[in-house]
Amino acid sequence: MDIQLAFILALTFVIHLVGTLAYAFRIAGIRTGHIAVAFSLFNILVLVSRISNSFQAPFLAKRVETAIVDPGLHHLALDFALVIAAASVATLAGGLLIPSFQRYSTAAVGAFRRTRSVPRLMVRALTPRGLVLLSQSVALPRYANVRQLRIGGAVPAGIVLLNIAVTALWTVGALAAIYAGSLEPQYRVTASTLSAIINGVATIMMFVVIDPFLAGLTDDVVAGRASEKDFRRAVIWMVTSRFAGTVLAQALLLPSALLIAWVARLI
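Predicted model only: the values in this text are computed from it and were never measured. Every chain begins its residue count from 1, and numbering advances along the sequence as written. In keeping with the model being predicted, local features are shown solely for residues with a pLDDT of at least 70 and side-chain atom pairs are shown and tallied solely at 80 or more, while totals for entire chains, interfaces and linings include all residues. Heavy atoms throughout the structure, all of them, feed into the side-chain values; hydrogens and water do not.

Novice: Just give me the short version of the UniProt feature "transmembrane region" (unreviewed entry) in the protein chain, but keep the residues and values in it.
Specialist: UniProt tags residues 6–25, 32–51, 80–101, 159–181, 193–215 and 235–264 as "transmembrane region" (unreviewed entry). Note on conventions: DSSP H or I runs of at least 4 residues are helices, E runs of at least 2 residues are strands, and numbering of each starts at the N terminus. Secondary structure content for residues 6–25 is 100% helix and 0% strand, while the C-alpha to C-alpha distance between its ends is 29 Å. With 100% helix and 0% strand, the stretch residues 159–181 has end C-alpha atoms that lie 33 Å from each other. UniProt positions are given in the numbering used here, feature names are shortened, and annotations may be inferred rather than shown by experiment.

Below you can see the structure in the form of structure tokens.
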């Protein structure tokens, strides 16, 4: 593995880790009663994710272009499979970190309520007291929460299946658009702009169905119509289905790239 590929994998890991940790901030918002503050603090991590995303695409595109010039330089099919595998590993790691991150983000919400300053909050996080709090926040997921899972409880089966499909398409969309450039080198610039063919529907379903469902469940917990335990179970299902979606993305990469290449030729 060369340095460029290792850097791409690291960026992919950060992108999907942050996406998974979003559930921890929902729990922190419920626990503190300050959901807006929790999501505002989460935007700091979103900024890191977006910076990683802005570098990932150009590095992948450069890898495809160098492979077009010298076909023996990179094994693109394996490289892209490793990128998707990094997304799966990051999702799994994020799921395991949710209990710890939820505790730490809960403390961060409380600290922000006192300081009302993100820069001061970040400075305090680097102090010895902040590092001690970080170490005290470490916790493993409880097996009891996993053992009590059942489809149709906190999360309907349709939402679970839809989240698998949405995550798979979301994961593979931009990657397939770049990979399509290696299938049709003369149309690689056009192909790189056609990721919406794959993840466009996924984006709509995410913001029309899945996000409103989680928002409604969050409000139910805050209003006392559902328990925090129900929300935790929902989070486990969402993380599990998200992981399954990244695994499914492996099978969708080539068909998606072929579709994008065909559209690039057609238009």
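Novice: So, the pattern of salt bridges: which residues are in play, and what are the values?
Specialist: Within this document, salt bridges are pairs made up of a side-chain nitrogen of Lys or Arg and a carboxyl oxygen of Asp or Glu, the two lying within 4 Å of each other. For the structure on display, the rule yields six salt bridges. Residue Arg63 is joined to Asp2 by a salt bridge in which the shortest nitrogen-to-oxygen separation is 2.6 Å. With Arg63 in helix 2 (residues 35–69) and Asp2 in the segment before helix 1 (3–32), this residue pair connects regions lying 61 residues apart in the sequence. Relative accessible area serves as the criterion here: at 30%, Asp2 is assigned to the partly exposed category. Where Arg225 meets Asp220, a salt bridge forms, and the shortest distance between an N and an O atom there is 3.0 Å. Accessible area is worked out with a 1.4 Å probe on protein chains only. A residue is then buried under 20% of its type maximum, exposed over 50%, and partly exposed in between.

Novice: I'd like a rundown of the packing of aromatic side chains, residues and numbers included.
Specialist: Here a Phe, Tyr or Trp ring, Trp counted by its six-membered ring, pairs with any other such ring whose centre lies within 6.5 Å, and the pair is stacked when the planes are under 30 degrees apart, edge-to-face when over 60, and tilted otherwise. With the rule as written, the count across this model stands at four aromatic pairs. Relative to Phe59, the ring of Phe7 has its centre 5.0 Å away and its plane inclined at 70 degrees; by these criteria the two rings are edge-to-face. Placement of Phe7 in helix 1 and of Phe59 in helix 2 is noted, with a sequence separation of 52 residues between them. Ring centres of Phe80 and Tyr179 lie 5.0 Å apart, and the angle between their planes is 55 degrees; this geometry places the pair in the tilted category.

Novice: Go over the packing of helix 9 (residues 196–223) against helix 10 (residues 228–266), please, and point to the residues and values.
Specialist: Each pair of packed helices gets described by two things: the angle between the helix axes and the distance between those axes. All axes are obtained by fitting lines to C-alpha atoms, using only the stretch in contact for helices, and the reported angles, taken between N-to-C directions, cover 0 to 180 degrees. Contact geometry of helix 9 with helix 10 gives a least axis separation of 11 Å together with a crossing angle of 175 degrees. Relative to helix 10, helix 9 is oriented roughly antiparallel. Mapping the contact onto sequence places Ile197, Ile198, Ile210, Leu214, Leu217, Thr218 and Val221 in helix 9 and Glu228, Phe231, Ala234, Met238, Ser256, Leu259, Ile260 and Val263 in helix 10. We call Asp, Glu, Lys and Arg charged. Ala, Val, Leu, Ile, Met, Phe, Trp, Tyr, Cys and Pro are nonpolar, and the rest, Gly among them, are polar. Tallied by class, residues from the contact of helix 9 with helix 10 come to 12 nonpolar, two polar and one charged. Orientation is classified from the angle alone, with under 35 degrees giving roughly parallel, over 145 giving roughly antiparallel, 65 to 115 giving roughly perpendicular, and any other angle giving oblique. Any two residues whose heavy atoms approach within 4.5 Å are treated as being in contact.

Novice: Break down helix 3 (residues 76–115) for me, citing the residues and quoting the values.
Specialist: Each helix should span, by expectation, one fewer than its residue count multiplied by 1.5 Å. End to end, helix 3 covers just 49 Å across 40 residues, shorter than the expected 58 Å (1.5 Å per residue, more than 12% under). A residue's bend is given by the angle between axes fitted to the 7 residues ending at it and the 7 residues starting at it. For helix 3, the principal kink sits at Ile98 and spans about 50 degrees; a proline, Pro99, occurs within the next four residues. Looking one or two residues past helix 3, Arg116 carries a phi angle of roughly 55 degrees, positive in sign.

Novice: Help me get a handle on a positive patch on the surface, residues and values and all.
Specialist: A cluster of basic residues, Arg114, Arg120, Arg124 and Arg129, forms a positive patch at the surface. If you trace the backbone, Arg120 turns up in helix 4 (residues 118–125). Residue classification places Arg120 among the exposed residues on the basis of a relative accessible area of 52%. Residues forming no salt bridge and having over 30% relative accessible area are the ones grouped into patches, like charges within 9 Å of each other and nonpolar side chains (Val, Leu, Ile, Met, Phe, Trp, Tyr) within 5 Å. Surface accessibility in these figures is a Shrake-Rupley result with a 1.4 Å probe; residues are shielded only by whichever protein chains are displayed. Note on charges: Lys and Arg go in the positive column, Asp and Glu in the negative column, and His and the chain ends are not counted at all. Where a charge sits is defined by one atom per residue type, namely NZ (Lys), CZ (Arg), CG (Asp) or CD (Glu).

Novice: I'd like a rundown of the nonpolar core, residues and numbers included.
Specialist: In this structure, Leu60, Phe80, Leu175, Leu253 and Ile260 are the most contacted members of the largest nonpolar core, which totals 28 residues. Looking at this core, the elements with two or more residues in it are helix 1, helix 2, helix 3, helix 7 (157–183) and helix 10. Excluding residues within four positions of it along the chain, Leu60 makes contact with Ile8, Phe80, Val83, Leu175 and Ile178. Residues Ala24, Ala226, Met238 and Val239 belong to the second largest nonpolar core, which totals 25 residues. For this analysis, a nonpolar core means a set of buried residues of the types Ala, Val, Leu, Ile, Met, Phe, Trp, Tyr and Cys, connected via side-chain atoms within 4.5 Å.

Novice: Describe the side chain of Arg242, and please don't skip the residues or the numbers.
Specialist: Positionally, Arg242 belongs in helix 10. Buried and unpaired, Arg242 has no salt bridge, with Asp211 as the nearest side chain of opposite charge at 8.3 Å. In this structure, Arg242 is in contact with His16, Gly19, Thr20, Tyr23, Thr91, Asn163 and Thr167, ignoring residues within four places of it in sequence.

Novice: Please provide a residue-by-residue account of a nonpolar patch on the surface, values included.
Specialist: A cluster of nonpolar side chains, contributed by Ile197, Leu259, Trp262, Leu266 and Ile267, occupies part of the molecular surface with about 510 Å² of accessible area. Per-element accounting of the nonpolar patch gives the leading share, three residues, to helix 10. Inspection of the secondary structure assignment puts Leu266 in helix 10. On the accessibility criterion, Leu266 (57% relative accessible area) is exposed.

Novice: Describe the packing of helix 1 against helix 3, listing the residues and the values that go with them.
Specialist: Relative orientation of the contacting elements helix 1 and helix 3 amounts to 30 degrees, with a least axis distance of 5 Å. Classed by the angle they form, the pair helix 1 and helix 3 counts as roughly parallel. In the packing of helix 1 onto helix 3, the handedness of the crossing is right-handed. Among the residues forming the contact of helix 1 with helix 3, the class breakdown is 22 nonpolar, 10 polar and two charged. Left-handed is the label given to a crossing in which the near helix is rotated counterclockwise from the far helix by less than a right angle, and right-handed is the label when the rotation is clockwise.

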